[in-house]
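Architecture and fold: a report
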Amino acid sequence: MAERWLPRKVIGLDINPRAIKVAWVNLYLNALSDDGLSVLDHEGKSLLDRVEFHVSDLLAYCREQNLTMDLIVGCIPQILNPDPTAMSKLVSENASEEFLYSLSNYCGLQGFVEDQFGLGLVARATEEGISIIRPTGKLIFNIGGRPGQAVTERLFSRRGFHIKKLWQTRVNQAADTDILALVEIEKNTRHRFEFFMGRVSEEPISARTAWAFLKSGGEISHGLSVYECRLRMPNQVKTISKFLNNGFHDTRGALDLSFKDEAVAEEKIPFLAHLARGLEDLSYFPHESPAGSCRFRNLIAGFMRIYHHIPLTPASVVILPSRAVAIENILRLYSPRLALVDAALTRWLPKKWITALPAQAHIGTNSIGSSKSNNSVTVVEAPRRSDLVVQLLKNLKPQIVVTSLADYEMRTSTAFELLLNATASIGARLILDMSEYLELSSLPGTNGVLQYLSSHPMPLHATVICGLLKNQVYSDLEVAFVMSENRTLLNALAKAGDVTYGRTAISSQFYYGCLFHELLSFQLPERHTNEQRLPREEEASEYISISRSTAEALSGVENVNLDQRPPTICMDFDENLLQVPAAVKVSVFEGFARQNISDDEIDPRPEILEYLESTFGVPHSYTKEIFLSDTSTSLFTKLVLACVEENGTLVFPMGSCGTLVSVAKFLEADFRILPTKVSDSFKATAGQIDSFLTGIKKPWMYIPGPTINPTGQLYTNSEISEILSICKKYGARVILNTSFSGLEYSENGSWKWDLKQIGTESENSTYAVAILGGLSTGLMTGGIEFGFSAVADAVFIEAFKDAPTLSRPHGTLKYSIKKLLGLLVSQKFDDLVAGLEVQKKILQHRAEQLCKLLKECGWDVVEPLGGTSMVATPSAFYGKCVKGESTEALCSENIRDALLKFTDLSISSSSWTGIPNYCRFMLGLTDEVFAASCRALLRFKELVL
């Protein structure tokens, strides 16, 4: 190579030190003339200038010296050594001749899936090559065809290489290489190696047949090919490979970057590179606002500004799980007497909304009032054509119109303007769905709606919904965003999201965010700051407004921030921001990286059954159905709706509900608050429940446990057994929420439940238990949430089956959760189990620190026994004022605002906790934020006391 192509440098590597000595001897014999003088080429250099040799295990020397190469050429052993212990011996020049000779014929296990084909060493060389090859470089490998062409080529293609076969032939099997190891592989797997009888036979035979034929004196051969491999998207593939080799070796077997469709490769490989960087850089999955990820909203606004010239700001964008959820929540917010909805969009709405006949009084009137209930909205199906929609508008005079446009109408802004004017003339709000027409392309087609918005402000009565559905890789991965310049609506929509479904899955936001990022990276940065249109507050108008009861229900949501200016110190969110174990990152990456995953591999229900039995003693036989969702909040919402349908009464023990009361208020359910005592640490006792349920018809009892949020108290097994017995006595339907459990501090197991009798028959047939679970706490996934409900009662089952807007987890997430649950239940994976124990110790230590600090600062504390939060009341601060400030005296209503104003610390107030005068503090923070929180509390004490 050095003589023919005159490269700047050729480096020869071999693990055998004697081979290196021989190579140096050969180099001098070729580089010097018979007179001992250097033979120079036309560049004035000799082979000694261009060639060097080093002892190296594959490419270790190049990696240690941080060398980057243009070409890597290799001929690497492909048969496992018959003696498994031989390859573990130390390689040295003094090793036996037989052992050193065997290095050229055999290889040991390398920890790759290709080991089973004898290609483990080739696989390792390939991955090491990715790290040192230049983006334009290539690998050339001499590969024996024994494993079969498909297996060999897949070794390279699944690692992100384009493959070109340079040459192929057939050669006799070397007499000094024993193929018995391949026979053993065939015995234990379904794979069959490819050998041939002689050099001219066309039909392949297995290794077992070849071995027998060889022993009988026959001659066998195998294919031999030379492959040239070039990286597709080299920078991204290098990023992915670096991530996997940086402590994530277990997931290498799941990687598959081979694609038949180049468009899929162009979308998936950059995403996996973004994901790899994100997982490597982050120690936890971040908490996101109910309005959506700040980064994602910025990217959407940037896309609209650069590609469609709309001066949109992130404050005008709210993220939701799907357009179906967006439409339902908007209708619930306004509770119109009559809504006109595109026929194609009504399939996601509650059946009773679209089956009820509109009352005569609702038709043709122009009243701005809302219906009595957001559960009794009347929906009339509308056609797609704008002229027909306008005709219905004039006749029916609905208060809300949800529609889309026909294909030909999207080419200009005429149809959109027609709808804007028609709805404005009758005082109706317009919700336009343009999901089918938003193109995530560097050359998007004509879009009349976006053309209009580029030159006109969006009227306050208009809102645009866009569901992101079009991607090449994950066909069922959906997220939606709403664009509006009506700040009142955007704020209410974000709060309604926090109440009805919690948070939009960050995995969906991250995926589509990567697509937007790729599109924006091809554009020059904005050189001139264009005038930006900020959302405006809506004054009283002729349009239907959000009802007072709905506004009151959403008032308890405190952490919505459309302007993306969060408090400096956040201590008021529900996520766990402690370090995520490596096993979680591996499972998340695998879920996205793998292809052709079977249905069984993304069905976590068997593992959930095992988890319920091993953790809470719930027998498998109890559960008839398991329903899955992105969050447990979404599942709880559907249960509340079922309670409303049954005319039941929800019972919440004070100190165990948080924002769940807001869910009941928003959905207009009948509910009661069961008073609890500070002497019981705000735990509801069996006696209190017994007294309270007397006289309540059709009670639905909410019970969290073993860990109670937000107090951090625990229900013991005996306590929960007594409570369930009382509920059975009154025929109550029970919602047993285990979502906040899994991080109990005590090691004695007193909190561990044994619910073997959970499903026993009772005289009152209405008694039933719905178990809710959220696995982000117990599996330490932080911002990646996952909810499930295990039920047996027909009412519960119907509640979830008749729920088209239930945000269901994507297959990638189900794969990750299934794997993590399996590891947790089996207790066989040290990283996950140890990580859980570490988090418990950190939280317990934090709880002790914070309790001590709060007491010193004048707060009365309820000391937690588990979980990620605790509560305390600022008893010493009431009636006091901040020194030097003309502020009103501190009380439970303004203590949160005062802390935020003077110390930048944000906590949850008593309106969030539902416990008069008690605020909530989160413990699952990063070290920096927790330390800053403690300093802020001390500072506030100095300012007031």
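Everything numeric here is computed off the predicted structure, so don't read it as measured data.

So, about the overall build of the protein. Of the regular secondary structure elements, the protein holds 32 helices and 28 strands. Along the longest, intermediate and shortest principal axes, the C-alpha atoms of the protein span 105 × 70 × 65 Å. In the protein, 77% of the contacts between residues at least 6 apart in sequence involve partners at least 24 apart. Surface summary for the protein: the accessible area is close to 39,800 Å², and the carbon and sulfur share equals 51%. Of the charged side chains in the protein, 93 are positive and 107 negative; the average position of the first set lies 2 Å away from that of the second.

Of all hydrophobic cores here, the largest spans 206 residues; its most connected members are Met304, Phe481, Phe589, Leu850, Trp859 and Phe921. Examining the composition of this core, we find that nine residues originate from one element, helix 11 (residues 262-281), more than from any other. Once residues within four sequence positions are removed from consideration, Leu850 is found in contact with Met571, Met870, Phe921, Leu923, Phe930 and Leu937.

With domains assigned, the protein is organised as domain 1 (57-88 + 95-241), domain 2 (294-358 + 375-546), domain 3 (584-593 + 607-828) and domain 4 (846-944). Using C-alpha coordinates to define each centre, domain 2 is positioned 39 Å away from domain 4.

Taken together, the side chains of Met1, Trp5, Leu71 and Val73 make up a nonpolar region of the molecular surface, amounting to roughly 440 Å² of accessible area. On the secondary structure map, Met1 appears in the segment before helix 1 (2-5).

As for its placement among the helices and strands, Ser404 is situated in the loop between strand 13 (400-403) and helix 16 (414-426). In this structure Ser404 touches Asp342, Arg384, Leu432, Asp433 and Tyr437, once residues within four positions along its chain are discounted.

Our focus in this paragraph is the sheet that holds strand 25 (residues 860-862). Pairing is antiparallel in the open sheet, where three strands are placed in the order 25-26-28. With one partner strand each, in any of the chains shown, strand 25 and strand 28 (919-922) form the two edges of the open sheet. Within this sheet the neighbouring strands show an average axis-to-axis angle of 35°, counted without direction.

Below, the discussion takes up the pattern of salt bridges. Taken as a whole and assessed by the stated rule, the structure comprises 41 salt bridges. Between Asp57 and Arg124 there is a salt bridge whose closest N-O contact spans 2.9 Å. Here Arg124 lies in helix 6 (residues 120-132) and Asp57 lies in the loop between strand 2 (51-55) and helix 4 (60-64), a separation of 67 residues in the sequence. By relative accessible area, Asp57 is classed as partly exposed at 36%. The buried category is assigned to Arg124, whose relative accessible area is 17%. Here Arg733 makes a salt bridge to Glu646, at a shortest N to O gap of 2.9 Å. Placement of the pair is Arg733 in strand 22 (residues 733-737) and Glu646 in the loop between helix 23 (632-645) and strand 19 (649-653), with a sequence separation of 87 residues. What makes Arg733 buried here is its relative accessible area of 7%. Sharing partners across several salt bridges, the network here consists of Asp57, Arg63, Arg124 and Glu128.

A few words on the packing of helix 15 (residues 386-396) against helix 16. Describing two packed helices takes the angle between their axes plus the distance from one axis to the other. Contact geometry for helix 15 and helix 16: axes closest at 10 Å, N-to-C directions at 5°. In terms of axis orientation, helix 15 runs roughly parallel to helix 16. Counted together, Ser386, Val389, Val390 and Leu393 of helix 15 and Ala415, Leu418, Leu419, Ala422, Thr423 and Ile426 of helix 16 form the full contact between these two elements. Counted by class, the contact of helix 15 with helix 16 contains eight nonpolar, two polar and no charged residues.

Below, the discussion takes up the sheet that holds strand 19. Taking strand neighbours across the sheet as the criterion, the seven strands line up as 18-24-23-22-21-19-20 in an open arrangement whose pairing is mixed. The outermost strands of the open sheet, each flanked by one partner alone, are strand 18 (625-629) and strand 20 (670-674). Here the strands of the sheet are splayed against their neighbours by 20° on average, with no regard to which way each runs. Contacts between helix 26 (residues 717-729) and the sheet are confined to strand 21 (699-704), strand 22 and strand 23 (768-774), with strand 21 contributing the most and set at about 170° to the helix.

With that settled, the discussion passes to the pairing of strand 11 (residues 338-342). Along strand 11, five of the five residues are buried, which leaves the element largely enclosed by surrounding structure. Where burial is concerned, the two faces of strand 11 agree: the one with Leu338, Leu340 and Asp342 and the one with Ala339 and Val341 are both buried. Note: strand 11 against strand 12 (residues 378-382), five bridges, orientation parallel. The residue of strand 12 that forms the bridge with Ala339 is Val379.

Attention now moves to the packing of aromatic side chains. Within this structure, the stated rule accounts for 27 aromatic pairs. Here the aromatic rings of Tyr611 and Phe616 are separated by 5.9 Å at their centres, their planes lie at 85°, and the arrangement is edge-to-face. Exposure remark for Tyr611: the relative accessible area of 8% places this residue in the buried category. Aromatic rings pair up to connect Phe271, Tyr474, Phe510, Tyr511, Tyr512 and Phe592 into one cluster. The aromatic ring of Phe930 is capped on one face by Arg846, whose charged end is 4.7 Å from the ring centroid.

By the definition in use, this model includes zero disulfides. Cysteine Cys294 is unpaired, with the sulfur of Cys570 as its nearest cysteine sulfur at 9.9 Å. Here Cys857 stays unpaired: no disulfide links it, and the sulfur of Cys934, its closest cysteine neighbor, is 8.9 Å away.

How each quantity is defined
- Residues numbered from 1 in each chain as written.
- Predicted model: local features only at pLDDT ≥ 70, side-chain atom pairs only at ≥ 80, totals over all residues.
- Heavy atoms only, no water.
- Helix = DSSP H or I, 4+ residues; strand = E, 2+ residues; numbered from the N terminus.
- Contact = heavy atoms within 4.5 Å.
- Areas by Shrake-Rupley, 256 points an atom, 1.4 Å probe, with all protein chains shown as cover.
- Lys, Arg positive; Asp, Glu negative; His and termini not counted.
- Charge placed at Lys NZ, Arg CZ, Asp CG, Glu CD.
- Core = buried A, V, L, I, M, F, W, Y, C linked by side-chain atoms within 4.5 Å.
- Buried < 20%, exposed > 50% of the residue type's maximum accessible area, 1.4 Å probe, protein only.
- Domains from an automatic or database assignment.
- Patch = residues over 30% accessible without salt bridge, like charges linked within 9 Å, V, L, I, M, F, W, Y side chains within 5 Å.
- Salt bridge = Lys/Arg side-chain N within 4 Å of Asp/Glu carboxyl O.
- Pairing = 2+ DSSP bridges.
- Axes fitted to C-alpha atoms, helices over the stretch in contact; angles between N-to-C directions.
- Parallel < 35°, antiparallel > 145°, perpendicular 65-115°, else oblique.
- Nonpolar A, V, L, I, M, F, W, Y, C, P; charged D, E, K, R; others polar.
- Phe/Tyr/Trp six-rings, centres within 6.5 Å; stacked < 30°, edge-to-face > 60°.
- Lys NZ or Arg CZ within 6 Å of the ring centre and 35° of its normal.
- Disulfide = S-S within 2.5 Å.

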